[in-house]
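Chains, contacts and geometry: an overview
Residue strings, one per chain:
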Amino acid sequence: MPAGYDKSAAVRYLSRADPELGRHIESVGPCTLAPAPDAGPHTLFDRLASSILSQQLSVKAAATIAGRLRERAAGPRHLDPGLLTTLPDDEIRACGVSRPKIAALRDLADAVGTGRIPTLAELEELDDEEVVASLTTVRGVGRWTVEMLLIFLLDRPDVFPVADVGVRRGFERVTGLDGPPTATRMLTRAESWAPYRSVASWYLWRAVDQTGQAVPAPPAPAVR
């Protein structure tokens, strides 16, 4: 399933399909959502590893830990699964990584190294649900993590992460609700946004940005 779609066409479609969302889109401006420009052999591992490291942590703390780990286990651009497997647990712990997350990182490195999960090129040929099913077999990788990968790395047009806190708060703000929306309400409203719900999600995140607050991280379960 080749990546790539016209973001401008998506914006025009969404504005016609949902005038309320369209008014928000007009206030935000053009969609700058774009896939990662430097996808390489270790990009998939790096993205999934970064997600594992960020669970239950603030953005700042996660970035600090990831930076320390990259000093020890990064190739030219990304975390290298081969290099990570050579590091003893104590050295990874010294970076601030918990033991459960070390186990998750090692499972991810094994999955990449043994071909237990598809390569990035192979994932590009799968549909969205097949990508989710393939990658959530890895310890510490849940649906939300894969949805972010689908939107920001694989450039899929119709992903709607209803469990994401930023998307939920953006939906509440854009639709004028007095409280948090249910998943059913979000999915029903978003039916008219298909097949461009990834772009709609991007604009919902921007609604949270407009409050002057950072887009909050999702409620990820602790790695066990």
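The structure we're discussing is the one just above.
What you see is a predicted model, and the numbers here were worked out from it, not measured in a lab.

Reading the values: the criteria
Residues numbered from 1 in each chain as written. Predicted model: local features only at pLDDT ≥ 70, side-chain atom pairs only at ≥ 80, totals over all residues. Heavy atoms only, no water. Helix = DSSP H or I, 4+ residues; strand = E, 2+ residues; numbered from the N terminus. Buried < 20%, exposed > 50% of the residue type's maximum accessible area, 1.4 Å probe, protein only. Areas by Shrake-Rupley, 256 points an atom, 1.4 Å probe, with all protein chains shown as cover. Axes fitted to C-alpha atoms, helices over the stretch in contact; angles between N-to-C directions. Parallel < 35°, antiparallel > 145°, perpendicular 65-115°, else oblique. Contact = heavy atoms within 4.5 Å. Nonpolar A, V, L, I, M, F, W, Y, C, P; charged D, E, K, R; others polar. Expected span 1.5 Å × (residues − 1).

Notes on the overall build of the chain
When you go through the chain residue by residue, the secondary structure sums to 13 helices and zero strands. In sequence order, the secondary structure elements of the chain are arranged as α-α-α-α-α-α-α-α-α-α-α-α-α. Considering the chain as a whole, with its 224 residues, one finds that 46% of them fall into the buried category. Counting every atom, the chain has about 10,900 Å² of accessible surface; 54% of that belongs to carbon and sulfur.

With respect to the packing of helix α11 (residues 165-175) against helix α13 (residues 197-209)
Their axes nearest at 7 Å, the elements α11 and α13 cross at an angle of 80°. Judged by the angle between their axes, α11 and α13 are roughly perpendicular. Along its contact with α11, which presents Gly166, Val167, Arg169, Gly170, Phe171, Arg173 and Val174, the element α13 presents Ser201, Leu204, Trp205, Ala207 and Val208. A breakdown of the residues in the contact of α11 with α13 according to their chemical character gives seven nonpolar, three polar and two charged.

Let's talk about helix α3 (residues 43-54)
Taking 1.5 Å of rise per residue, 12 residues should cover 16 Å, and α3 covers 16 Å from first to last C-alpha, within 8% of that figure. Burial within α3 is extensive, with nine of its 12 residues counted as buried. Turning to α3, its buried residues number three or more, namely Thr43, Leu44, Phe45, Asp46, Leu48, Ala49, Ser51, Ile52 and Leu53. Where the residues of α3 are buried, they touch α4 (59-73), α5 (81-86), α7 (99-114), α8 (120-123), α9 (128-135) and α10 (143-152). A positive phi of about 65° marks glutamine 56, the residue just after α3.

A short note on the environment of aspartate 80
Note on placement: aspartate 80 falls in the loop between α4 and α5. Considering only alpha carbons, one finds aspartate 80 and aspartate 46, 34 residues apart in sequence, at a separation of 7.3 Å.

Remarks on the environment of arginine 12
Topologically, arginine 12 is positioned in helix α1 (residues 7-17). On the basis of relative accessible area, arginine 12 is assigned to the partly exposed category, the value being 47%. C-alpha separation for the pair arginine 12 and isoleucine 25, spaced 13 residues apart in sequence, amounts to 9.5 Å.

Section: unusual backbone geometry
The general pattern is negative phi for most residues beyond glycine and trans for most peptide bonds. Of note, the bond from alanine 194 into proline 195 is cis; its omega dihedral lies within 30 degrees of zero at 10°. Its place among the elements puts proline 195 in the loop between α12 (183-190) and α13. In this structure, aspartate 155 is a non-glycine residue whose phi angle is positive, near 60°. Relative to the assigned elements, aspartate 155 resides in the loop between α10 and α11. Judged by its relative accessible area of 6%, aspartate 155 falls in the buried class.

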